[in-house]
Structure formats: structure tokens, C-alpha cells
Amino acid sequence: MSQLKTVRGMRDFLPEEAKRMKYIEAKARRVAELYGYQEIITPVVESYELLAAKAGEEIRSRMFAFRDLGDRMVALRPEFTASVARIVATALKNEPKPLRLFSVGSVYRYDEPQKGRYREFWQSNYELMGSKKPEADAEIIMLTNSLMKSVGLRNCTFKIGHVGVLRGVMTEENLYEDTQNAVMQLMDKKQYDEAFKLVKDAKAKEKCVKTLKKLAELKGGGVFEIAERIKEYVKGYEKAEAAAENLYEILKLISESKSKIAAVVDAGFARGLEYYTGMIFEVTVPEIDIALGGGGRYDRLIELFGGEPTPAVGVAHGIDRIMLAMQTQKTPLEKKEERRVVVIPTKNEFIGRAMEISRMLRDADIPTEVEVMGRKIAKALEDADRRRIKYAVIIGEKELKEGSVVVRDLTKREQKTVEIEKVIEEIV
Ligand code: HAM
């Protein structure tokens, strides 16, 4: 029956997978706390217009968009940035800056499903609003590195570029914003020839095409040297020169933080989203050729939504892809020692006492299950063993008469009779 399958691009998370996902989410939340980001929760369904405003053609065309029963054109969010910018332009508009905001949840894109690419996926998202300074850009890269390290991923590489360099060149050649957007989309997809053809067709000077071509080929791990070369290549294009200088400053701050971040600068790097105005980046691990996270600076979005002009920089991490990378690198989850308990009544009439003792244990913050299948002790213990439960509290007739129960340590295979009031002390 095909309706018993999940819809294409959608997945179930069975207990082990759900556990890993929640583990990453908890780490992301901890990183938010460590860097001073406050969590906000925004709706999955937003106005189509809001989400489409500066998403870029690539994402716009892949939105789950529909009319609701009230004839509103809405969509499932393909990312968080538009929602956060909406809030900063409205409800939080009078908040002092900087504003550091964190969100985590599911997002939706009608991408072609394949390994690491789904139609419903999860992001942890951080936005730093109100600062135009390079330390804000550096912070977003550093927190991304912190998250990757805290989940145990090794050999992360950051690819860093700057939209202001490419746009700076095109703006001074009077290329319309629409043309620039189309060029950037093509460059994002590495379709350089088509991109340069567009620039030529827009009647840009030969020098402009040449400069863009040279930039597209310029990348490497000697980041300061590459940043210097970018400055050289764009000499005479004032805005692009300033952008190259800004990139240099960001790199310098990351280096001075001694975060040991492996980075390459890619001068021809573009990203699918249209709102970027400055530094952009993505993070990868060698085992997987798709980005685990990406972000950048977008200084005009909040203004576009009717808010005060507010410079901003942010990042979203793909939790599903981080999961995949952890599995590929065989990264273990840190184990929390659990002292789970099962309470087993030996007779049906003791079930009320089982309910009472289990309630008492949970009140003391001890995870406790009750044997609800009416099984005999041996079967119930076998099942508890299989599920790695550490203790069984067995309610037997003889002990109960004396106000006691049997506490059995399933790992040590030892047991003793304990007064009911003292059971909690026994479970350590
Ligand atoms: P993005 O690069 O579109 O940026 O997405 C961020 C991350 O989401 C990607 O690096 C990837 O890990 C994950 N991702 C994207 N598409 C899929 C998919 N189909 N399946 C699984 N994972 C996927 C943004 O969303 C921006 N809002 C980031 C940002 C925040 N920029 C500024 N602030």
C-alpha cells in the first residue's frame, strides 16, 4: 500500500536516529548559550511573499507553497532567516543591538531527494543583528566551528568568499540587480561560462568580464595571500576593494582568535540566497561533498521588510547532514550514565503498589517503567536486560508484608531486600 510509505523526501526518525538528532540539537542549543544567543520559535507556515522576497530563484522555485482555506498565499519555511528578519523588523524593532537570536526546527524545500538532501530537514540557525563590524562575521564562523567540534566532527574546512567583491565589480559596471542575481545564481551552480555570457550580453566592459573570470579562478588555502590577490585584481573598483579589505579583516580576526579553523578563500564563490551582501561561507568535511552549514552577511533584508536599516550576519547548519557526517566519521555520542528502573509486581493485585513506587522514583528524577504486560518475573527481567535497564524493583508478597521490596541490580546480577522508603537510596 503506497500510502503506508512516507511521502517522497520525508523521513521517519526511529529511536536511535531521533536520539542522535536531539543530541545535535542539544549541542546547538549549548553553543547558542555559550555565545549569548537567545532562542526564538517561529511558525512553519509563513506568508509566501515574505519567504520569497530575497530567497533567490533556486529556493523560490522549490518552496512548498499553497493557498490556505482563507485564500492566503502561504508556504512552509525553506529557512529561518526571513522569519527572524521579520521579527527584528517588527516585534523586536526597539530592542537594543546587538541582537543574537537562535532557532532550531524543520524547514522544507522541494529538492531532488538523495543522500544528504531531503525535502524536510532540520536546521540550527543563528542570526547576529545590528553589527556591521568584521568581529560579527568572525563570530558566526567561530560558533559554527564550535558546533562542529562539540559534536566530535574532525577535519572541517571552511570555504569563505565575499559577495561584495563580485557585486562591487558588477555594480560599478552598472549591471542591474536582476542581472547580478542571475549571474550569482549561475556562479553558485558553477556554470561560469553561462554567467560570463550574461555579463557580456549586459554590455559590460571587457575589463569587467576579465576581472570576474580571474576572480572565479582564484581560490586556495593561503587565505591572506588570496585575499591580497583579490585586492590587486579589483583595483579601481572601489566597492569591491572595500569588500576585499573587509574579507581580509574577518580572516585576521579568526586567525587572532587561535581557533585553528581550516579555511580556503574562494573569490568566485556565490550562494543561492539573494540577500547576501558581504562575507559568505560554507563548512564541509572531506567524507561528504555537500555543505554541513552555510551563511553570510545580509545588510539590507530587515530594511526591505520595513524595519530600521540593520546590518546582520548569520548561519544555518544542516542537522541531518551533521548526523550523516557523524555516522560516516563514526563519531560516538557522549554517553550519559542512565539508571533506569523497571518495577515488576509479582501478582496482579500489587499493581497499585507498582504504580505508587514508580511514581515515587520518578518524583526523585529516576526514569522508571512499570511492567505493563502482566508477564512473569523471569520474562519481565529478560526484557529489561535486553533493553539495558539497570535496576528492577520486584514487588513480592513476602517482602511487601514487611514493607519492603527486592531491588535487583541487573548488571551486577545481585539483589537485596530494601524497605520501600529506602529504595531511592539504593538506586545510584
Ligand atoms: P542554506 O545554505 O540554504 O542557508 O542552508 C543551510 C544548510 O542547510 C546547508 O548548508 C545544508 O547543510 C542544509 N540543507 C540545505 N538544503 C538541504 C536539504 N535539501 N536537505 C538537507 N539539508 C539541507 C540558509 O538556509 C540560510 N538561511 C543561512 C543563513 C542564516 N544565512 C544567514 N543567516
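Cut-off values and rules
- Residues numbered from 1 in each chain as written.
- Predicted model: local features only at pLDDT ≥ 70, side-chain atom pairs only at ≥ 80, totals over all residues.
- Heavy atoms only, no water.
- Pairing = 2+ DSSP bridges.
- Helix = DSSP H or I, 4+ residues; strand = E, 2+ residues; numbered from the N terminus.
- Buried < 20%, exposed > 50% of the residue type's maximum accessible area, 1.4 Å probe, protein only.
- Polar contact = N/O pair within 3.5 Å; in protein donor to acceptor, adjacent residues only side chain to side chain.
- Contact = heavy atoms within 4.5 Å.
- Axes fitted to C-alpha atoms, helices over the stretch in contact; angles between N-to-C directions.
- Core = buried A, V, L, I, M, F, W, Y, C linked by side-chain atoms within 4.5 Å.
- Near = heavy atom within 4 Å.
- Areas by Shrake-Rupley, 256 points an atom, 1.4 Å probe, with all protein chains shown as cover.
- Domains from an automatic or database assignment.
- Expected span 1.5 Å × (residues − 1).
- Phe/Tyr/Trp six-rings, centres within 6.5 Å; stacked < 30°, edge-to-face > 60°.
- Lys NZ or Arg CZ within 6 Å of the ring centre and 35° of its normal.

Caption draft 1: The arrangement of the pairing of strand β17 (residues 414–419) in detail. Alignment of strand β16 (residues 404–409) against β17, held across six bridges, turns out to be antiparallel. Considered in β17, the bridge of S404 is made with E419.

Caption draft 2: Quick look at the pairing of strand β10 (residues 279–285). Here β10 lies mainly inside the structure; six of its seven residues are buried. Strand direction decides the pairing type here: strand β7 (residues 157–162) and β10, joined by six bridges, are antiparallel. Paired with H162 across the bridge in β10 is M279. Note: β10 against strand β11 (residues 288–297), five bridges, orientation antiparallel. The residue bridging F281 from the neighbouring strand is G295, located in β11.

Caption draft 3: Examining the side chain of S259 more closely. Structurally, S259 can be placed in the loop between α11 (238–256) and β9 (263–266). Among the residues examined, S259 registers a relative accessible area of 16% and is labelled buried. Of the polar contacts made by the side chain of S259, one reaches the side chain of S257; its length is 2.5 Å. Not counting chain neighbours up to four residues away, the residues in contact with S259 comprise M142, N145 and I254.

Caption draft 4: Broad picture of the sheet that holds strand β5 (residues 99–108). The nine strands are arranged β1-β5-β6-β12-β11-β10-β7-β9-β8 in an open sheet whose pairing can be described as mixed. The two strands at the open ends of the sheet, each matched to only one other strand, are β1 (38–39) and β8 (219–220). Summarising the sheet, β1 and β5 pair through two bridges and their orientation is parallel. The residue of β5 that forms the bridge with Q38 is L101. Contacting β5, β6 (120–129), β7, β10, β11 and β12 (312–318), helix α5 (residues 134–150) crosses the sheet at an angle of about 15° to β12.

Caption draft 5: Representation of the nonpolar core. Counting residues in each nonpolar core, the largest one holds 103 residues, and the members touching the most others are Y126, I140, L153, I160, I230 and I322. Examining the composition of this core, we find that eight residues originate from one element, α11, more than from any other. Counting 19 residues, the second-largest nonpolar core is a separate cluster that includes V341, A354, V370 and Y391.

Caption draft 6: Quick peek at the site of the ligand. Surrounding the ligand, one finds 27 residues, the nearest of these being E79, T81, D111, Y118 and Y276. One nitrogen or oxygen atom from the main chain of G293 is found 3.3 Å from an oxygen atom belonging to the ligand. G318 is positioned with one of its backbone polar atoms (N or O) 3.4 Å from an oxygen atom of the ligand. In the complex, the protein chains occlude 96% of the 660 Å² of accessible area that the ligand would expose alone. Among the secondary structure elements, those contributing two or more residues to the shell around the ligand are β6, β11 and β12. With six residues, β11 is the largest single contributor of residues to the shell around the ligand.

Caption draft 7: Molecular detail of the domain arrangement of the protein. What the domain assignment lists for the protein is domain 1 (2–328) and domain 2 (341–427). The straight-line distance from the C-alpha centre of domain 1 to that of domain 2 is 52 Å.

Caption draft 8: Structural view of helix α1 (residues 15–35). Counted at 1.5 Å a residue, the expected span for α1 with its 21 residues is 30 Å, and the 30 Å between its end C-alpha atoms agrees. For α1, the elements touching its buried residues are β5, β6, α5 and α13 (319–328).

Caption draft 9: Representation of the sheet that holds strand β13 (residues 341–345) in the model. With respect to topology, five strands assemble into an open sheet ordered β14-β13-β15-β16-β17, the strand pairing being mixed. Strand pairing shows two members of the sheet lacking a second neighbour, β14 (368–370) and β17, which therefore form its edges. For this sheet, the mean angle separating the axes of adjacent strands, direction not counted, is 25°. Here helix α14 (residues 351–363) sits on the sheet in contact with β13, β14, β15 (391–395) and β16, set at roughly 170° to β14.

Caption draft 10: Focus on the packing of aromatic side chains. Enumeration according to the criterion identifies 10 aromatic pairs in this entry. For the ring pair Y192 and F196, a centre distance of 6.3 Å and an interplane angle of 20° mean the geometry is stacked. Placement of both Y192 and F196 in helix α8 (residues 192–201) is noted, with a separation of four residues, approximately one turn of the helix. For the pair shown, Y192 and F196 are each scored as buried. Site record: aromatic cluster; members linked through ring pairs are Y37, F102 and Y126. A cation over an aromatic ring shows up here: R119 above the ring of Y110, its NZ or CZ 3.6 Å from the ring centre. Just above the ring of Y233 sits the side chain of K214; from NZ or CZ to the centre is 4.5 Å.

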